[in-house]
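# An overview of the molecular structure
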Amino acid sequence: MHQPQSPLDTVQAHVFISGVVQGVGYRFSAQDMALLLKLNGWVRNLRDGRVEATFVGSPAQVDEMIRWCHHGPPAAIVKEVIVEYEPPEKFQGFEVRRSG
């Protein structure tokens with residue numbers, strides 16, 4: 001029987017993705033992948049051309065999402081992914097936010 005997750009089983013990654021990541025469907029592809037992995041959080045474009053995202057879920061789910069971020073959707077050319085781990089926040093679902 002599967003035991004319910006405790007807060008210790010939840011991690012939050014704040015991620016910055018640079019390269020050719022705007023105008024290629026990166027945010028919506030990231031949302032699709034995050035929902036598939038049952039992650040909470042958000043993704044948005046930044047004015048400097050990067051994509052910023054926060055992923056909250058189990059360590060394995062978040063790790064898989066970060067691996068996906070390194071290549072993104074087919075049209076993306078990812079140059080760098082910076083990951084900062086933070087205390088988990090409560091998010092309901094996963095959303096595409098307006099540019100920041």
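In this numbering scheme, every chain counts its residues from 1 along its sequence in written order. A pLDDT threshold of at least 70 governs which residues receive local features in this predicted model, and a stricter bar of 80 or more applies before side-chain atom pairs are shown or counted, although totals over entire chains, interfaces and linings include all residues. The side-chain figures draw on all heavy atoms in the structure; neither hydrogens nor water molecules are used.

What follows concerns the UniProt feature "active site" (unreviewed entry) in the chain. UniProt positions are given in the numbering used here, feature names are shortened, and annotations may be inferred rather than shown by experiment. With numbering aligned to this structure, UniProt lists the feature "active site" (unreviewed entry) at Arg27 and Asn45. A maximum C-alpha distance of 7.6 Å among these annotated residues, which run over 19 residues, shows that they cluster at one spot. Mapped onto the elements, arginine 27 comes out in helix α1 (residues 26-36). Tracing the sequence through the fold places asparagine 45 in strand β2 (residues 40-45). Exposure classes here rest on a 1.4 Å probe applied to the protein chains alone. A residue is buried below 20% of its type maximum, exposed above 50%, and partly exposed in between. We classify asparagine 45 as buried; its relative accessible area is 10%. Polar contact is defined as a pair of N or O atoms within 3.5 Å, subject to the rule that within protein one atom must be able to donate a hydrogen and the other to accept it, and that residues adjacent in sequence are counted only when both atoms are side-chain atoms. Of note is the side chain of asparagine 45, whose polar atom sits 3.5 Å from the side chain of arginine 27. Numbering goes from the N terminus for both helices and strands, where a helix is a DSSP run of H or I of at least four residues and a strand is a run of E of at least two.

Within this structure's numbering, the places UniProt gives as "domain: Acylphosphatase-like" (unreviewed entry) are residues 12-98. Structurally, residues 12-98 comprises 25% helix and 40% strand, and the distance from its first C-alpha atom to its last is 20 Å.

In this structure, lysine 38 takes a positive phi of about 60° despite not being glycine. Within the secondary structure, lysine 38 is located in the loop between α1 and β2.

A separate point is the packing of α1 against helix α2 (residues 59-69). Helix-helix packing is characterised by the crossing angle of the two axes and by the distance between the axes. Axis lines are fitted to C-alpha atoms, over the contacting stretch for helices. Their N-to-C directions set the angle, which ranges from 0 to 180 degrees. Between α1 and α2, whose axes approach to 11 Å, the crossing angle comes to 155°. As far as their axial angle goes, α2 and α1 are roughly antiparallel. α2 is crossed by α1, and the crossing has right-handed handedness. Along the contact surface, α1 presents Tyr26, Ser29, Ala30, Met33 and Ala34, while α2 presents Glu64, Met65, Trp68 and Cys69. Should an angle fall under 35 degrees it is taken as roughly parallel, and over 145 as roughly antiparallel, whereas 65 to 115 is taken as roughly perpendicular and any remaining angle as oblique. Crossings are sorted by hand: turned counterclockwise from the far helix by less than a right angle, the near helix makes the crossing left-handed, and turned clockwise it makes it right-handed. By definition in these notes, contact holds between two residues if any of their heavy atoms fall within 4.5 Å.

We now examine the side chain of threonine 54. By secondary structure assignment, the location of threonine 54 is in strand β3 (residues 51-57). Each residue touching threonine 54, except ones within four places of it in the same chain, is listed here: Gln12, Ala13, His14, Asn40, Gly41, Trp42, Phe91 and Phe94.

This brings us to the pairing of β2. Should DSSP find at least two bridges between two strands, the strands are regarded as paired. Two elements, β2 and β3, share six bridges in a ladder whose sense is antiparallel. Across the sheet, the residue bridging to asparagine 45 is valine 51, located in β3. As judged from the three bridges shared by β2 and strand β5 (residues 94-96), these two strands associate in the parallel manner. Looking at the pairing, glycine 41 lines up with phenylalanine 94 of β5.

Salt bridges, as used here, are contacts in which a Lys or Arg side-chain nitrogen is within 4 Å of a carboxyl oxygen on Asp or Glu. Taken as a whole, this structure holds three salt bridges when the rule is applied. In this structure, aspartate 48 and arginine 50 form a salt bridge, with 2.9 Å as the shortest nitrogen-oxygen distance. For arginine 50, a relative accessible area of 26% puts it in the partly exposed group.

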